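Listed here are the chains, written in short residue letters.
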Amino acid sequence: MPSSQSACGWAAIALGAAAGLFVALRPGLMEEDLEMHTASEMISYIGDSMAAGSAPSGVATTRGLVAVPSADVASAQAAPRLRTAALLPPQLPPPLARRSAHSSHDQEQQAAKKTELPSFSAVVEEEAAAAAAAATAAEAPATSAEEEPLEPEKCLVKNSARSGHELEGASKEVSLEKCQRRCRCIEGCFYYTYWANGNCHAQSREASLFPAGEAQTGQAFCTAPAAAAAAAAAAAAAAGAGEPDASALPNLPRTLPFEVRPLEPGPRLYVYDLPAKFRNGGKDPECFTADCVFGGPPENIFGVDIWSSNQFSMPRMLYYRFMTSPRRTTKLEEADVFLIPAYSSKPSEETPCADNQELYNALFELNPLLRQKKWVKEKGSRHLFVDARGHETCNYMWNMTLPWRLAHRVNIELNGMYAEGPEGWTKGKPFFWYQFPYPAVYHGPAALTPAKLRTLGHAKYLWSFAGTGRGIAGQLRGILMNQCNRCESCGKVTSIAEVNGEIHQAGARDTKKKVLSDYAQLSALKLQSTFCVEPPGDTITRKSLVDSIVLGCIPVVFEHQELDMYEPFINLEEFAQAVVYVPEAQVVGNKVPLSLWGKGPKPSQSVFKRLKQAYPQHAAVFQAITAGAEGGREKKLRALFPRAVKMAEILRNISAEEVQRRQKALATFADRLVIATEDGGRDALRILLEKIVSNDEEAASRSEQSVL
């Protein structure tokens, strides 16, 4: 009987042979006309492609293999990614007229890194050669797994690791060679990373290199020693150019401290080396890869990579981005923005907030300059606290003493129930506090946000509702659910409940059985809907609202507090150009009580004036909302809407021209709500950093003028 390792070798022969056949049968096809797909990705597609009997329009096929023509973002034709077909219901036409943003970005990043990676045909030829060598070796007398010769040194990069694109999670292996053998037996594994503690990571070709003193990385089958040498040289150059070495990194899961890529312009970032106990009481997940932090690996839906993002993971995402940024430094004097990595996804006994005094003492110990008035005056406002919740915020977020009173704050919502709405949250406070966007289902490059690429005009469904009937606005939600369930023009996913920031999974994700995660189902629904209704729940905004904006589905909102929530990322006037505002009273009529959101609180005078200018057709609504007591506001609102109006009736009266105008408006700012997995482009984090750096004078003024 052949050994398991021999079986892996024969699998490699099949992959290499298939890849070689593909190139041989298409000699006239240029390398730059192909998307970068490994041989294993192509061979996995043979069965589905042959069974289907044809390929998507505009795609060349050769015996079941598919070559996807490449194009830039502005002119790409409809061409779903190879793996998309197995995930989508066959009757649903893709609404995006572009290829996958994720794969396009991968190629752009490969070029930007200027690492001499082998070309597509070169890799195929080298894999075929490796397969031929494996076939020759297979004819020799079988040896045990321990005796089988491996050549890790040829492609081995020491003091380095690779990030992301993990295939089966980490395993414990007793040696580097064992880790390489494991990679060879996993479909799609191109790189392996072996850590000093025995952790072995199997990763695809897209995994990128970064310096790490406790790790080594190599290839399953050594096909590109020149590329490995070039990458090692790049890593060494980066380390010698002032980037921190691995020994200077915090004592946390060291799977992704730095990537080797050019240092782009922007603020230099510093992360305080706080112990893990300050993050969710020490119960943050041990893994620190993009998949772990952002909810991957993503599912490809209509050419869009969809991530299962926990809405309360925003602080960890920012921590990850600071830690992995090429602009990060370990030198205080070089830094422009300072992250304080302390947070709780839900303040409780299980995941408690950090003790205030213990946190401050740790920060003073790490940076004695925080006790110097001159340094605090210059750099105090450049510090950043992050928090996960719209309420239940940790106590240290509200500290009004120096130096903490100067620091910027972000969380996912400025509570709309606060006096005078969101504006009251920070009124008179000595600091800037911004509402940071909920993590959307898309975490790719900001420039390739789906809303920017989506086909304009009406989609399959006029409108859709995703959610349940719970929350403070439960009556409104129930009415919308009932209308959607009876309306053929409404798409619906109404059986998905959210628990601790995540929605319940309808079933195990199984691409062979074509079972999608609930996040993928929700995203497919939004990508096929013209309007997405976004009623409030326990809080005034919801993650689904950000998902809709990013995916290009025109949001329908019901409460005035939602109309100015995301400054400085989107201002009130920009938001008005893209969304549809339908007052809650117009939907529920005068027979159903208005929710706490629907009848207040009243906006400040400055916001009231801006609302009337941005939504002139609703001037009477805003006038009613500014009435004195809560009861008086509800009475005036009911008088404006004596009967309930159905959602479909409201939306059908919006012209096709108006639909396209609002979609174009969405496309102008949707990228500002994206939290990308890595630096590059002007996403939400980049905008936040720019605001922190530009707020120096006003931050000092706020601190001096505040009586708190």
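## Some thoughts on the pairing of strand 3 (residues 157–163)
Okay, so step 1: For strand 3, the buried fraction is high: five of the seven residues fall into the buried class.
Okay, so step 2: Here strand 3 runs beside strand 7 (residues 208–219); their pairing, made up of six bridges, is antiparallel. The partner of Val157 across the bridge, within strand 7, is Thr217.

## A closer look at the packing of aromatic side chains
Okay, so step 1: Evaluation of the coordinates by the stated rule reveals 20 aromatic pairs.
Okay, so step 2: Ring geometry for Trp398 and Trp433: centres 4.6 Å apart, planes at 45 degrees, overall tilted. Placement of Trp398 in the loop between strand 12 (383–386) and strand 13 (408–411) and of Trp433 in strand 14 (residues 433–435) is noted, with a sequence separation of 35 residues between them.
Okay, so step 3: The partly exposed category is assigned to Trp398, whose relative accessible area is 26%.
Okay, so step 4: Trp433 gets classed as buried once you look at its relative accessible area, which sits at 4%.

## Section: the state of the cysteines
Okay, so step 1: Inspection of every chain in the model, using the stated rule, returns six disulfides.
Okay, so step 2: The disulfide that involves Cys353 links it to Cys394, with 2.0 Å between the sulfurs. Disulfide Cys353 to Cys394: torsion about the S-S bond roughly -80 degrees, handedness left-handed. Of the two residues, Cys353 is situated in the loop between strand 11 (337–339) and helix 9 (356–366) and Cys394 in the loop between strand 12 and strand 13; the sequence distance between them amounts to 41 residues.
Okay, so step 3: Accessibility expressed as a relative area gives 0% for Cys394, which makes it buried.
Okay, so step 4: Covalent S-S linkage joins Cys532 and Cys553, the inter-sulfur distance amounting to 2.1 Å. Linking Cys532 and Cys553, the disulfide has an S-S dihedral of approximately 105 degrees and is accordingly described as right-handed.

## A look at the sheet that holds strand 7
Strand-to-strand pairing in sheets goes through backbone hydrogen bonds, with the strands running parallel or antiparallel.
Okay, so step 1: The strand order across the open sheet formed by five strands is 3-7-5-6-4, and the pairing between neighbours is antiparallel. Among the strands making up the open sheet, the edge pair consists of strand 3 and strand 4 (171–172).
Okay, so step 2: Sheet topology note: the strand 5 (residues 191–195)/strand 6 (residues 199–203) ladder contains four bridges and is antiparallel. Across the sheet, the residue bridging to Tyr192 is Ala202, located in strand 6.
Okay, so step 3: Each of strand 4, strand 5, strand 6 and strand 7 touches helix 5 (residues 176–184); the most contacted strand, strand 5, lies at about 150 degrees to it.

## Things to note about the sheet that holds strand 11
Okay, so step 1: Spatial strand order, 8-11-12-13-14: five strands in an open sheet with parallel pairing. The open sheet has two edge strands with one neighbour each: strand 8 (269–271) and strand 14. Taken over all neighbouring pairs, the strand axes of this sheet differ in orientation by 25 degrees on average, direction set aside.
Okay, so step 2: With three bridges joining them, strand 12 and strand 13 adopt parallel strand pairing. In the sheet register, Phe385 faces strand 13, and the bridge partner there is Arg409.
Okay, so step 3: Helix 8 (residues 314–324) rests against strand 8, strand 11, strand 12 and strand 13 of the sheet, and its axis sits at about 115 degrees to strand 8.

## Re helix 9
Okay, so step 1: Those residues of helix 9 lying buried are Leu359, Tyr360, Ala362, Leu363 and Phe364.
Okay, so step 2: On its buried side, helix 9 packs onto strand 12.
Okay, so step 3: If you check the start of helix 9, you find a side-chain oxygen 3.3 Å away from the backbone N of Gln357, and it comes from Asp355.

## Brief notes about the nonpolar core
Okay, so step 1: Of all hydrophobic cores here, the largest spans 114 residues; its most connected members are Trp463, Phe531, Tyr615 and Met647.
Okay, so step 2: Among the elements that take part in this core, helix 8 stands out by supplying seven residues, more than any other.
Okay, so step 3: Non-local contacts of Met647, meaning those with residues more than four positions away in its chain, are made with Trp463, Leu480, Gln483, Val533, Val556, Phe558 and Val582.
Okay, so step 4: Of all hydrophobic cores here, the second largest spans 29 residues; its members include Phe338, Ala354, Leu370 and Trp433.

## With respect to the pattern of salt bridges
Okay, so step 1: This model, assessed by the stated rule, comprises 23 salt bridges.
Okay, so step 2: Salt-bridge contacts for Arg382 lead to Asp696; the nearest nitrogen and oxygen are separated by 2.7 Å. Placement of the pair is Arg382 in the loop between helix 10 (373–379) and strand 12 and Asp696 in helix 24 (residues 696–705), with a sequence separation of 314 residues.
Okay, so step 3: Using a relative accessible area of 10% as the deciding quantity, one classes Arg382 as buried.
Okay, so step 4: Across the pair Glu698 and Arg702 runs a salt bridge whose closest N-O atoms are separated by 3.7 Å. With Glu698 and Arg702 both in helix 24 and four residues apart, this pair spans about one turn of that helix.
Okay, so step 5: Look at Glu698 and you get partly exposed, because its relative accessible area is 44%.
Okay, so step 6: Taken together, the salt bridges that share partners define one network made up of Arg321, Arg327, Asp679 and Asp683.

Conventions used here
- Residues numbered from 1 in each chain as written.
- Predicted model: local features only at pLDDT ≥ 70, side-chain atom pairs only at ≥ 80, totals over all residues.
- Heavy atoms only, no water.
- Buried < 20%, exposed > 50% of the residue type's maximum accessible area, 1.4 Å probe, protein only.
- Helix = DSSP H or I, 4+ residues; strand = E, 2+ residues; numbered from the N terminus.
- Pairing = 2+ DSSP bridges.
- Phe/Tyr/Trp six-rings, centres within 6.5 Å; stacked < 30°, edge-to-face > 60°.
- Disulfide = S-S within 2.5 Å.
- Contact = heavy atoms within 4.5 Å.
- Axes fitted to C-alpha atoms, helices over the stretch in contact; angles between N-to-C directions.
- Polar contact = N/O pair within 3.5 Å; in protein donor to acceptor, adjacent residues only side chain to side chain.
- Core = buried A, V, L, I, M, F, W, Y, C linked by side-chain atoms within 4.5 Å.
- Salt bridge = Lys/Arg side-chain N within 4 Å of Asp/Glu carboxyl O.

These results come straight from atomic positions and should not be treated as a statement about function.
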